[in-house]
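One letter stands for each residue in the lines below.
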There are 2 protein chains.
Amino acid sequence: MNPTKAVENRREQILREAARLFAERGFHGVGVDEIGAAVGISGPGLYRHFAGKDAMLAELLVGISGRLLAAGRMRVAETPDPAQALDALIRGHIDFAIDDRPLITLHDRELDRLRESDRKLVRQLQRQYVEEWVGVVRRVYPEASVLEARAAVHAVFGLLNSTPHLGGQSGLPDRASTAALLHRLALSALEALENQAPPRRPWTAHPTER
Amino acid sequence: MNPTKAVENRREQILREAARLFAERGFHGVGVDEIGAAVGISGPGLYRHFAGKDAMLAELLVGISGRLLAAGRMRVAETPDPAQALDALIRGHIDFAIDDRPLITLHDRELDRLRESDRKLVRQLQRQYVEEWVGVVRRVYPEASVLEARAAVHAVFGLLNSTPHLGGQSGLPDRASTAALLHRLALSALEALENQAPPRRPWTAHPTER
DNA sequence: ACATCACGTTAACGCTCGCTAACACGACCG
DNA sequence: CGGTCGTGTTAGCGAGCGTTAACGTGATGT
(Lines give C-alpha, C1' and ligand atoms only; values in the text may rest on other atoms or scores of the structure.)
Protein backbone atom coordinates (compact mmCIF):
# COMPACT_ATOMS: atom_id res chain seq x y z
CA MET A 1 0.00 0.00 0.00
CA ASN A 2 2.63 2.47 1.02
CA PRO A 3 5.61 2.01 -1.28
CA THR A 4 7.61 4.57 0.66
CA LYS A 5 7.92 2.12 3.51
CA ALA A 6 9.76 -0.51 1.47
CA VAL A 7 12.04 2.09 -0.06
CA GLU A 8 12.87 3.53 3.30
CA ASN A 9 13.71 0.12 4.61
CA ARG A 10 15.97 -0.57 1.67
CA ARG A 11 17.71 2.76 2.08
CA GLU A 12 18.17 2.23 5.80
CA GLN A 13 19.50 -1.25 5.19
CA ILE A 14 22.01 0.08 2.69
CA LEU A 15 23.04 2.87 5.02
CA ARG A 16 23.53 0.49 7.93
CA GLU A 17 25.73 -1.87 5.94
CA ALA A 18 27.65 0.97 4.34
CA ALA A 19 28.34 2.44 7.76
CA ARG A 20 29.64 -0.87 9.01
CA LEU A 21 31.90 -1.37 6.01
CA PHE A 22 33.17 2.23 6.01
CA ALA A 23 34.01 1.94 9.68
CA GLU A 24 35.79 -1.36 9.16
CA ARG A 25 37.89 -0.59 6.13
CA GLY A 26 37.62 3.14 5.52
CA PHE A 27 35.61 5.03 2.95
CA HIS A 28 38.13 4.61 0.15
CA GLY A 29 38.74 1.00 1.14
CA VAL A 30 35.21 -0.13 0.36
CA GLY A 31 33.87 -0.53 -3.16
CA VAL A 32 30.29 -0.05 -4.24
CA ASP A 33 30.17 -3.70 -5.26
CA GLU A 34 30.85 -4.73 -1.67
CA ILE A 35 28.15 -2.48 -0.31
CA GLY A 36 25.73 -3.88 -2.85
CA ALA A 37 26.71 -7.45 -2.02
CA ALA A 38 26.12 -6.74 1.66
CA VAL A 39 22.46 -6.03 0.97
CA GLY A 40 21.92 -8.72 -1.65
CA ILE A 41 21.97 -6.58 -4.76
CA SER A 42 25.04 -6.05 -6.82
CA GLY A 43 27.08 -3.02 -7.71
CA PRO A 44 25.34 -0.28 -9.59
CA GLY A 45 21.93 -1.22 -8.26
CA LEU A 46 22.72 1.15 -5.42
CA TYR A 47 22.31 4.07 -7.76
CA ARG A 48 18.55 3.54 -7.71
CA HIS A 49 18.66 4.66 -4.08
CA PHE A 50 21.59 7.06 -3.81
CA ALA A 51 23.20 9.56 -6.11
CA GLY A 52 26.61 8.07 -5.42
CA LYS A 53 28.99 6.73 -2.86
CA ASP A 54 29.66 10.21 -1.50
CA ALA A 55 25.95 10.75 -0.95
CA MET A 56 25.79 7.72 1.34
CA LEU A 57 28.61 9.00 3.50
CA ALA A 58 27.10 12.46 3.58
CA GLU A 59 23.71 11.16 4.68
CA LEU A 60 25.35 9.04 7.37
CA LEU A 61 27.41 11.87 8.82
CA VAL A 62 24.70 14.51 8.64
CA GLY A 63 22.30 12.05 10.19
CA ILE A 64 24.41 11.10 13.16
CA SER A 65 25.45 14.69 13.82
CA GLY A 66 21.88 15.88 13.67
CA ARG A 67 20.57 13.14 15.91
CA LEU A 68 23.33 13.72 18.46
CA LEU A 69 22.54 17.42 18.57
CA ALA A 70 18.78 16.93 18.71
CA ALA A 71 18.99 14.38 21.51
CA GLY A 72 21.46 16.53 23.43
CA ARG A 73 19.32 19.63 23.15
CA MET A 74 16.23 17.77 24.23
CA ARG A 75 17.91 16.34 27.29
CA VAL A 76 19.34 19.69 28.30
CA ALA A 77 16.02 21.45 27.78
CA GLU A 78 14.06 19.06 29.93
CA THR A 79 16.61 18.89 32.75
CA PRO A 80 16.82 22.11 34.75
CA ASP A 81 19.50 20.98 37.19
CA PRO A 82 22.96 21.38 35.56
CA ALA A 83 24.48 18.36 37.24
CA GLN A 84 21.59 16.18 36.14
CA ALA A 85 21.77 17.65 32.63
CA LEU A 86 25.44 16.73 32.43
CA ASP A 87 24.53 13.27 33.59
CA ALA A 88 21.91 13.02 30.88
CA LEU A 89 24.30 14.26 28.20
CA ILE A 90 26.87 11.67 29.18
CA ARG A 91 24.29 8.91 29.26
CA GLY A 92 22.94 9.91 25.87
CA HIS A 93 26.36 10.07 24.27
CA ILE A 94 27.25 6.67 25.67
CA ASP A 95 24.10 5.23 24.13
CA PHE A 96 25.17 6.55 20.75
CA ALA A 97 28.75 5.38 21.20
CA ILE A 98 27.72 1.85 22.08
CA ASP A 99 24.71 1.34 19.84
CA ASP A 100 25.85 3.24 16.76
CA ARG A 101 29.49 2.33 17.07
CA PRO A 102 30.27 2.43 13.32
CA LEU A 103 28.70 5.84 12.94
CA ILE A 104 30.66 7.24 15.86
CA THR A 105 33.79 5.93 14.22
CA LEU A 106 32.99 7.52 10.88
CA HIS A 107 31.94 10.70 12.58
CA ASP A 108 35.46 11.81 13.41
CA ARG A 109 37.36 9.80 10.85
CA GLU A 110 35.96 10.36 7.38
CA LEU A 111 34.70 13.89 7.66
CA ASP A 112 37.22 15.19 5.15
CA ARG A 113 35.84 12.97 2.39
CA LEU A 114 32.72 15.13 2.14
CA ARG A 115 31.84 17.82 -0.33
CA GLU A 116 32.53 21.30 0.98
CA SER A 117 28.88 22.11 1.68
CA ASP A 118 28.14 18.88 3.52
CA ARG A 119 31.33 19.17 5.52
CA LYS A 120 30.40 22.67 6.61
CA LEU A 121 26.97 21.47 7.66
CA VAL A 122 28.33 18.55 9.67
CA ARG A 123 30.93 20.75 11.33
CA GLN A 124 28.27 23.25 12.27
CA LEU A 125 26.12 20.55 13.85
CA GLN A 126 29.12 19.18 15.70
CA ARG A 127 30.04 22.63 16.95
CA GLN A 128 26.54 23.27 18.23
CA TYR A 129 26.58 19.93 20.01
CA VAL A 130 29.91 20.77 21.62
CA GLU A 131 28.60 24.15 22.73
CA GLU A 132 25.58 22.47 24.27
CA TRP A 133 27.98 20.47 26.41
CA VAL A 134 30.18 23.46 27.13
CA GLY A 135 27.22 25.42 28.43
CA VAL A 136 26.22 22.69 30.85
CA VAL A 137 29.80 22.03 31.93
CA ARG A 138 30.35 25.69 32.71
CA ARG A 139 27.25 25.81 34.84
CA VAL A 140 28.48 22.84 36.83
CA TYR A 141 32.08 24.14 37.02
CA PRO A 142 31.86 27.92 36.87
CA GLU A 143 35.56 28.37 37.65
CA ALA A 144 36.61 26.79 34.39
CA SER A 145 37.29 29.08 31.43
CA VAL A 146 35.48 28.61 28.16
CA LEU A 147 38.60 27.32 26.46
CA GLU A 148 39.27 24.85 29.22
CA ALA A 149 35.70 23.64 29.21
CA ARG A 150 35.73 23.20 25.45
CA ALA A 151 38.98 21.27 25.45
CA ALA A 152 37.70 19.13 28.31
CA VAL A 153 34.51 18.36 26.40
CA HIS A 154 36.52 17.28 23.36
CA ALA A 155 38.64 15.11 25.59
CA VAL A 156 35.59 13.51 27.17
CA PHE A 157 34.25 12.79 23.69
CA GLY A 158 37.50 11.01 22.96
CA LEU A 159 37.08 9.04 26.15
CA LEU A 160 33.50 8.05 25.43
CA ASN A 161 34.20 7.27 21.79
CA SER A 162 36.95 4.85 22.79
CA THR A 163 34.34 2.09 22.77
CA PRO A 164 35.31 0.79 19.32
CA HIS A 165 38.84 0.11 20.55
CA LEU A 166 37.80 -2.29 23.25
CA GLY A 167 36.19 -4.73 20.92
CA GLY A 168 37.25 -8.36 21.20
CA GLN A 169 38.61 -10.11 24.22
CA SER A 170 39.47 -7.05 26.25
CA GLY A 171 35.86 -5.94 26.56
CA LEU A 172 33.83 -5.85 29.69
CA PRO A 173 31.20 -8.54 30.24
CA ASP A 174 28.07 -6.75 29.14
CA ARG A 175 26.75 -3.50 27.81
CA ALA A 176 25.52 -2.23 31.17
CA SER A 177 28.85 -2.44 32.95
CA THR A 178 30.66 -0.86 30.01
CA ALA A 179 28.22 2.03 30.03
CA ALA A 180 28.48 2.39 33.80
CA LEU A 181 32.27 2.47 33.73
CA LEU A 182 32.39 5.00 30.91
CA HIS A 183 29.91 7.13 32.79
CA ARG A 184 32.00 7.12 35.95
CA LEU A 185 35.19 7.85 34.01
CA ALA A 186 33.68 10.79 32.14
CA LEU A 187 32.13 12.29 35.23
CA SER A 188 35.32 11.85 37.16
CA ALA A 189 37.42 13.38 34.40
CA LEU A 190 35.36 16.54 34.39
CA GLU A 191 35.84 16.92 38.12
CA ALA A 192 39.35 18.03 37.25
CA LEU A 193 37.75 21.35 36.32
CA GLU A 194 36.60 21.84 39.89
CA ASN A 195 39.86 22.51 41.67
CA GLN A 196 42.82 24.37 40.41
CA ALA A 197 41.10 27.19 38.62
CA PRO A 198 43.08 28.62 35.73
CA PRO A 199 45.56 31.35 36.59
CA ARG A 200 43.10 34.21 37.06
CA ARG A 201 45.20 36.30 34.75
CA PRO A 202 43.03 38.30 32.34
CA TRP A 203 43.35 37.05 28.82
CA THR A 204 45.95 39.07 26.95
CA ALA A 205 45.78 39.73 23.25
CA HIS A 206 48.74 37.58 22.27
CA PRO A 207 48.78 34.38 24.32
CA THR A 208 52.25 33.42 23.13
CA GLU A 209 53.80 34.54 26.38
CA ARG A 210 55.47 31.60 28.05
CA MET B 1 82.02 10.86 4.46
CA ASN B 2 79.12 8.92 5.85
CA PRO B 3 76.61 8.41 3.07
CA THR B 4 74.20 6.68 5.41
CA LYS B 5 73.46 9.99 7.09
CA ALA B 6 71.99 11.62 4.02
CA VAL B 7 69.94 8.57 3.17
CA GLU B 8 68.57 8.40 6.68
CA ASN B 9 67.63 12.04 6.52
CA ARG B 10 65.84 11.50 3.24
CA ARG B 11 63.97 8.52 4.62
CA GLU B 12 62.97 10.39 7.74
CA GLN B 13 61.85 13.36 5.71
CA ILE B 14 59.69 11.14 3.52
CA LEU B 15 58.23 9.39 6.53
CA ARG B 16 57.41 12.66 8.24
CA GLU B 17 55.60 14.07 5.21
CA ALA B 18 53.85 10.78 4.52
CA ALA B 19 52.60 10.68 8.09
CA ARG B 20 51.25 14.18 7.81
CA LEU B 21 49.47 13.46 4.53
CA PHE B 22 48.10 10.10 5.67
CA ALA B 23 46.72 11.71 8.80
CA GLU B 24 45.15 14.54 6.82
CA ARG B 25 43.49 12.63 4.02
CA GLY B 26 43.74 8.94 4.88
CA PHE B 27 46.05 6.27 3.55
CA HIS B 28 43.98 5.56 0.44
CA GLY B 29 43.36 9.25 -0.08
CA VAL B 30 47.01 10.11 -0.69
CA GLY B 31 48.87 9.20 -3.84
CA VAL B 32 52.56 8.46 -4.11
CA ASP B 33 52.94 11.48 -6.37
CA GLU B 34 51.76 13.75 -3.57
CA ILE B 35 54.16 12.22 -1.09
CA GLY B 36 56.97 12.66 -3.57
CA ALA B 37 55.99 16.24 -4.28
CA ALA B 38 56.00 16.97 -0.54
CA VAL B 39 59.71 16.15 -0.36
CA GLY B 40 60.72 17.71 -3.66
CA ILE B 41 61.08 14.57 -5.75
CA SER B 42 58.34 13.24 -7.90
CA GLY B 43 56.35 10.06 -7.88
CA PRO B 44 58.24 6.87 -8.36
CA GLY B 45 61.45 8.29 -6.97
CA LEU B 46 60.18 7.13 -3.61
CA TYR B 47 60.80 3.54 -4.62
CA ARG B 48 64.54 4.12 -4.20
CA HIS B 49 63.86 4.43 -0.47
CA PHE B 50 60.83 2.24 0.23
CA ALA B 51 59.48 -0.97 -1.21
CA GLY B 52 56.06 0.59 -1.64
CA LYS B 53 53.38 2.73 -0.13
CA ASP B 54 52.42 -0.02 2.29
CA ALA B 55 55.99 -0.21 3.55
CA MET B 56 55.90 3.46 4.54
CA LEU B 57 52.74 3.00 6.57
CA ALA B 58 54.13 -0.14 8.15
CA GLU B 59 57.35 1.57 9.18
CA LEU B 60 55.40 4.49 10.60
CA LEU B 61 53.06 2.36 12.68
CA VAL B 62 55.67 -0.08 13.91
CA GLY B 63 57.90 2.85 14.76
CA ILE B 64 55.39 4.78 16.82
CA SER B 65 54.16 1.65 18.59
CA GLY B 66 57.68 0.60 19.43
CA ARG B 67 58.71 4.02 20.67
CA LEU B 68 55.58 4.35 22.80
CA LEU B 69 56.23 0.96 24.37
CA ALA B 70 59.93 1.59 24.91
CA ALA B 71 59.39 4.98 26.50
CA GLY B 72 56.59 3.63 28.66
CA ARG B 73 58.65 0.69 29.88
CA MET B 74 61.59 2.92 30.65
CA ARG B 75 59.51 5.33 32.67
CA VAL B 76 57.85 2.54 34.63
CA ALA B 77 61.15 0.80 35.29
CA GLU B 78 62.84 3.86 36.69
CA THR B 79 59.91 4.99 38.81
CA PRO B 80 59.31 2.73 41.80
CA ASP B 81 56.33 4.59 43.22
CA PRO B 82 53.16 3.55 41.34
CA ALA B 83 51.46 6.94 41.53
CA GLN B 84 54.56 8.64 40.19
CA ALA B 85 54.87 5.97 37.49
CA LEU B 86 51.31 6.64 36.39
CA ASP B 87 52.12 10.31 36.32
CA ALA B 88 55.15 9.62 34.15
CA LEU B 89 53.13 7.42 31.78
CA ILE B 90 50.52 10.12 31.33
CA ARG B 91 53.16 12.79 30.79
CA GLY B 92 54.97 10.62 28.25
CA HIS B 93 51.80 9.81 26.32
CA ILE B 94 50.83 13.46 26.22
CA ASP B 95 54.22 14.31 24.74
CA PHE B 96 53.62 11.80 21.97
CA ALA B 97 50.05 12.97 21.40
CA ILE B 98 51.04 16.60 21.07
CA ASP B 99 54.39 16.32 19.28
CA ASP B 100 53.66 13.38 17.00
CA ARG B 101 50.05 14.24 16.38
CA PRO B 102 49.84 12.73 12.87
CA LEU B 103 51.36 9.47 14.04
CA ILE B 104 48.95 9.18 16.94
CA THR B 105 46.13 9.72 14.49
CA LEU B 106 47.37 7.02 12.14
CA HIS B 107 48.06 4.73 15.04
CA ASP B 108 44.41 3.91 15.67
CA ARG B 109 42.97 4.78 12.29
CA GLU B 110 44.88 3.00 9.52
CA LEU B 111 45.96 -0.15 11.28
CA ASP B 112 43.81 -2.35 9.06
CA ARG B 113 45.63 -1.27 5.92
CA LEU B 114 48.70 -3.27 6.94
CA ARG B 115 49.85 -6.68 5.80
CA GLU B 116 48.88 -9.44 8.18
CA SER B 117 52.35 -9.82 9.68
CA ASP B 118 52.90 -6.13 10.28
CA ARG B 119 49.46 -5.75 11.74
CA LYS B 120 50.10 -8.57 14.18
CA LEU B 121 53.37 -6.95 15.21
CA VAL B 122 51.80 -3.55 15.77
CA ARG B 123 48.93 -5.03 17.70
CA GLN B 124 51.35 -6.94 19.90
CA LEU B 125 53.30 -3.77 20.66
CA GLN B 126 50.08 -1.90 21.40
CA ARG B 127 48.90 -4.67 23.68
CA GLN B 128 52.14 -4.69 25.63
CA TYR B 129 51.93 -0.92 26.01
CA VAL B 130 48.39 -1.20 27.29
CA GLU B 131 49.41 -3.90 29.76
CA GLU B 132 52.21 -1.70 31.00
CA TRP B 133 49.59 0.90 31.86
CA VAL B 134 47.19 -1.68 33.29
CA GLY B 135 49.88 -2.94 35.64
CA VAL B 136 50.58 0.51 37.00
CA VAL B 137 46.91 1.43 37.22
CA ARG B 138 46.14 -1.70 39.19
CA ARG B 139 48.90 -0.97 41.67
CA VAL B 140 47.46 2.50 42.21
CA TYR B 141 43.86 1.26 42.33
CA PRO B 142 43.97 -2.33 43.61
CA GLU B 143 40.19 -2.56 43.94
CA ALA B 144 39.70 -2.31 40.19
CA SER B 145 39.40 -5.53 38.23
CA VAL B 146 41.70 -6.25 35.32
CA LEU B 147 38.90 -5.76 32.80
CA GLU B 148 37.88 -2.47 34.35
CA ALA B 149 41.46 -1.25 34.43
CA ARG B 150 41.99 -2.22 30.80
CA ALA B 151 38.83 -0.51 29.61
CA ALA B 152 39.73 2.56 31.64
CA VAL B 153 43.19 2.67 30.08
CA HIS B 154 41.71 2.50 26.59
CA ALA B 155 39.32 5.27 27.52
CA VAL B 156 42.15 7.42 28.85
CA PHE B 157 44.03 6.86 25.59
CA GLY B 158 40.99 8.15 23.77
CA LEU B 159 40.96 11.15 26.06
CA LEU B 160 44.64 11.92 25.57
CA ASN B 161 44.53 11.29 21.83
CA SER B 162 41.74 13.83 21.44
CA THR B 163 44.40 16.45 20.81
CA PRO B 164 43.99 16.35 17.02
CA HIS B 165 40.34 17.34 17.34
CA LEU B 166 41.03 20.59 19.11
CA GLY B 167 43.06 22.06 16.31
CA GLY B 168 42.06 25.47 15.07
CA GLN B 169 40.32 28.21 16.97
CA SER B 170 39.06 26.10 19.83
CA GLY B 171 42.56 25.25 21.07
CA LEU B 172 44.08 26.39 24.29
CA PRO B 173 46.68 29.15 24.24
CA ASP B 174 49.89 27.17 24.33
CA ARG B 175 51.29 23.70 24.48
CA ALA B 176 51.98 23.79 28.22
CA SER B 177 48.42 24.54 29.29
CA THR B 178 47.02 21.96 26.90
CA ALA B 179 49.34 19.35 28.35
CA ALA B 180 48.52 20.39 31.90
CA LEU B 181 44.79 20.18 31.31
CA LEU B 182 45.01 16.80 29.63
CA HIS B 183 47.12 15.58 32.52
CA ARG B 184 44.59 16.69 35.09
CA LEU B 185 41.69 15.21 33.11
CA ALA B 186 43.39 11.84 32.70
CA LEU B 187 44.42 11.61 36.32
CA SER B 188 40.99 12.65 37.45
CA ALA B 189 39.27 10.15 35.17
CA LEU B 190 41.22 7.26 36.62
CA GLU B 191 40.18 8.26 40.12
CA ALA B 192 36.81 6.81 39.21
CA LEU B 193 38.44 3.42 39.79
CA GLU B 194 39.02 4.28 43.43
CA ASN B 195 35.51 4.17 44.82
CA GLN B 196 32.71 1.89 43.91
CA ALA B 197 34.56 -1.39 43.51
CA PRO B 198 32.98 -3.78 41.00
CA PRO B 199 30.44 -6.28 42.33
CA ARG B 200 32.77 -8.77 43.96
CA ARG B 201 30.98 -11.56 42.15
CA PRO B 202 33.40 -14.25 40.89
CA TRP B 203 33.65 -14.34 37.13
CA THR B 204 31.27 -16.86 35.67
CA ALA B 205 31.88 -18.74 32.45
CA HIS B 206 29.18 -17.08 30.41
CA PRO B 207 28.92 -13.38 31.15
CA THR B 208 25.66 -13.02 29.28
CA GLU B 209 23.69 -13.09 32.49
CA ARG B 210 21.75 -9.88 32.88
C1' DA C 1 -4.47 -5.53 -22.38
C1' DC C 2 -1.27 -2.16 -21.94
C1' DA C 3 1.59 1.73 -20.25
C1' DT C 4 4.05 2.91 -16.23
C1' DC C 5 7.01 2.52 -12.57
C1' DA C 6 10.12 0.57 -9.08
C1' DC C 7 13.97 -2.02 -8.86
C1' DG C 8 17.36 -4.87 -10.61
C1' DT C 9 20.75 -6.81 -14.01
C1' DT C 10 25.23 -6.84 -17.06
C1' DA C 11 28.57 -4.42 -20.09
C1' DA C 12 31.50 -1.04 -20.62
C1' DC C 13 33.82 3.51 -20.22
C1' DG C 14 37.09 6.62 -18.27
C1' DC C 15 39.96 7.79 -14.78
C1' DT C 16 43.11 7.20 -11.08
C1' DC C 17 46.68 4.88 -8.88
C1' DG C 18 50.56 1.90 -7.51
C1' DC C 19 54.32 0.18 -9.56
C1' DT C 20 57.93 -1.16 -13.14
C1' DA C 21 61.02 -0.20 -17.05
C1' DA C 22 64.31 2.29 -19.17
C1' DC C 23 67.23 5.86 -19.02
C1' DA C 24 70.28 9.99 -17.04
C1' DC C 25 73.78 11.84 -14.37
C1' DG C 26 76.92 13.33 -10.72
C1' DA C 27 80.01 11.24 -6.93
C1' DC C 28 83.30 8.23 -5.68
C1' DC C 29 87.24 5.11 -6.52
C1' DG C 30 90.68 1.80 -8.47
C1' DC D 1 89.88 7.60 -17.43
C1' DG D 2 86.22 4.25 -16.74
C1' DG D 3 83.07 1.50 -13.98
C1' DT D 4 79.91 1.28 -10.31
C1' DC D 5 76.58 3.12 -7.19
C1' DG D 6 73.14 6.20 -5.40
C1' DT D 7 69.46 8.83 -6.70
C1' DG D 8 66.66 10.88 -9.65
C1' DT D 9 63.69 11.37 -14.15
C1' DT D 10 59.71 10.22 -17.62
C1' DA D 11 56.72 6.86 -20.04
C1' DG D 12 53.63 3.47 -19.65
C1' DC D 13 51.28 -0.77 -18.04
C1' DG D 14 47.64 -3.17 -15.59
C1' DA D 15 44.30 -3.32 -12.20
C1' DG D 16 40.54 -1.40 -9.66
C1' DC D 17 37.05 1.87 -9.03
C1' DG D 18 32.87 4.95 -9.48
C1' DT D 19 29.62 5.79 -12.66
C1' DT D 20 26.59 5.51 -16.80
C1' DA D 21 24.03 3.11 -20.45
C1' DA D 22 21.00 -0.10 -22.06
C1' DC D 23 18.08 -3.50 -21.00
C1' DG D 24 14.78 -6.83 -18.24
C1' DT D 25 10.87 -7.79 -15.40
C1' DG D 26 7.18 -8.17 -12.15
C1' DA D 27 3.61 -5.35 -9.77
C1' DT D 28 0.19 -1.78 -10.32
C1' DG D 29 -3.52 1.14 -11.97
C1' DT D 30 -6.68 2.39 -15.70
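The residue count restarts for each chain, going from 1 along the sequence in the order it is written. Naming scheme: in the order in which they are written, chains are lettered from A and ligands are numbered from 1. Under the rules for a predicted model, residues below a pLDDT of 70 receive no local features and side-chain atom pairs below 80 are neither given nor counted, while totals for whole chains, interfaces and linings still include all residues. As a rule here, side-chain values come from all non-hydrogen atoms in the structure, and water together with hydrogens is ignored.

Asks: Looking at this model, I keep getting lost on empty space enclosed by the protein. Mind explaining?
Replies: If you roll a probe as big as a water molecule over the atoms, it shows you where there is empty space left. Cavities and pockets are found on a 1 Å grid laid over the protein atoms alone: a cavity is a set of points where a 1.4 Å probe fits but cannot escape, a pocket is an open set with protein on both sides within 12 Å along at least five of seven lines, and a lining residue has an atom within 4 Å of such a point. Grid points are joined across faces, edges and corners, and a volume is the space filled by probe spheres set on the points. Scanning the model with the defined rule gives five cavities of 30 Å³ or more in all. Estimates place the volume of the largest cavity at around 90 Å³. Taken together, 14 residues line the largest cavity, and the ones lying closest to its centre are Glu110 and Arg113 of chain A together with Gly26, Glu110 and Arg113 of chain B. Residues were grouped as follows: Ala, Val, Leu, Ile, Met, Phe, Trp, Tyr, Cys and Pro as nonpolar; Asp, Glu, Lys and Arg as charged; and all remaining residues, including Gly, as polar. Residue composition of the lining of the largest cavity, by class: two nonpolar, five polar and seven charged.

Asks: Honestly, the relation of the copies chain A and chain B in this entry has me stumped. Any pointers?
Replies: The operation relating the pair of chain copies consists of a rotation about an axis and a translation along that axis. Residues reaching a pLDDT of at least 70 in both copies supply the C-alpha atoms on which the copies are superposed by least squares. Superposing chain A onto chain B requires a rotation of 180° together with a translation of 0.0 Å along the rotation axis, leaving an RMSD of 0.0 Å. Both copies are brought into coincidence by an operation consistent with a two-fold rotation axis. For chain A, the smallest separation between a C-alpha atom and the rotation axis is recorded for alanine 189 of chain A, amounting to 1.9 Å. The contact definition used throughout considers only heavy atoms, calling two residues in contact when any of these lie within 4.5 Å. A symmetric contact is evident, with 100% of the interface residues of chain A recurring at the interface of chain B.

Asks: In this structure, what is going on with the interface of chain A and chain B? I would like to understand it.
Replies: Taken together, the contact between chain A and chain B spans 41 residues of the former and 41 residues of the latter. Carbon and sulfur atoms make up 61% of the surface buried where chain A meets chain B, a total of about 3500 Å² over both sides. Throughout, the accessible surface (probe 1.4 Å) given up by two parts as they are put together, summed over both, is called the buried area. Interface area lost by chain A to chain B is led by Arg109, Arg184 and Leu185 of chain A, which between them contribute 15%. Here a salt bridge means any side-chain nitrogen of Lys or Arg lying within 4 Å of a carboxyl oxygen belonging to Asp or Glu. Connecting chain A to chain B are two salt bridges. The salt bridge involving glutamate 148 of chain B is made with arginine 184 of chain A; its shortest N-O contact spans 2.9 Å. N or O atoms within 3.5 Å of each other form a polar contact, as long as, within protein, one can give a hydrogen and the other can take it, and as long as residues adjacent in sequence are counted only when both atoms are side-chain atoms. Run the count over chain A and chain B and you get nine residue pairs in polar contact (both at pLDDT 80 or more).

Asks: Honestly, a negative patch on the surface in this entry has me stumped. Any pointers?
Replies: The patches reported here contain residues having more than 30% relative accessible area and no salt bridge. Joining distances are 9 Å for like charges and 5 Å for nonpolar side chains (Val, Leu, Ile, Met, Phe, Trp, Tyr). Methods summary: accessible areas were calculated by the Shrake-Rupley approach with a probe of 1.4 Å, and residue burial reflects only the protein chains presented. Asp and Glu are treated as the negative residues and Lys and Arg as the positive ones, with His and the ends of the chain left uncounted. Working definition for charges: the position is that of NZ of Lys, CZ of Arg, CG of Asp or CD of Glu. A grouping of Glu143, Glu191 and Glu194 of chain A together with Glu143, Glu191 and Glu194 of chain B is seen on the molecular surface, where their side chains present a negatively charged patch. Each helix is a run of H or I in the DSSP string that is no shorter than four residues. Each strand is a run of E no shorter than two, and both are numbered from the N terminus. Counting through the fold element by element, glutamate 191 of chain A comes out in the segment after helix H8 (175-190). Overall, glutamate 191 of chain A belongs to the partly exposed group, its relative accessible area being 38%. Only protein chains enter the accessibility calculation, which uses a 1.4 Å probe; a residue is then buried when its area is under 20% of its type maximum, exposed when over 50%, and partly exposed in between.

Asks: Please explain the environment of valine 156 of chain A as it appears in this structure.
Replies: Residues and elements named next belong to chain A. Relative to the assigned elements, valine 156 resides in helix H7 (residues 146-160). In this structure valine 156 comes out as buried when scored by relative accessible area, which is 1%. Residues valine 156 and alanine 179 lie 23 residues apart in sequence; the distance between their C-alpha atoms is 14 Å. If we ignore the near neighbours within four places in the chain, the residues touching valine 156 are Trp133, Ala186 and Leu190.

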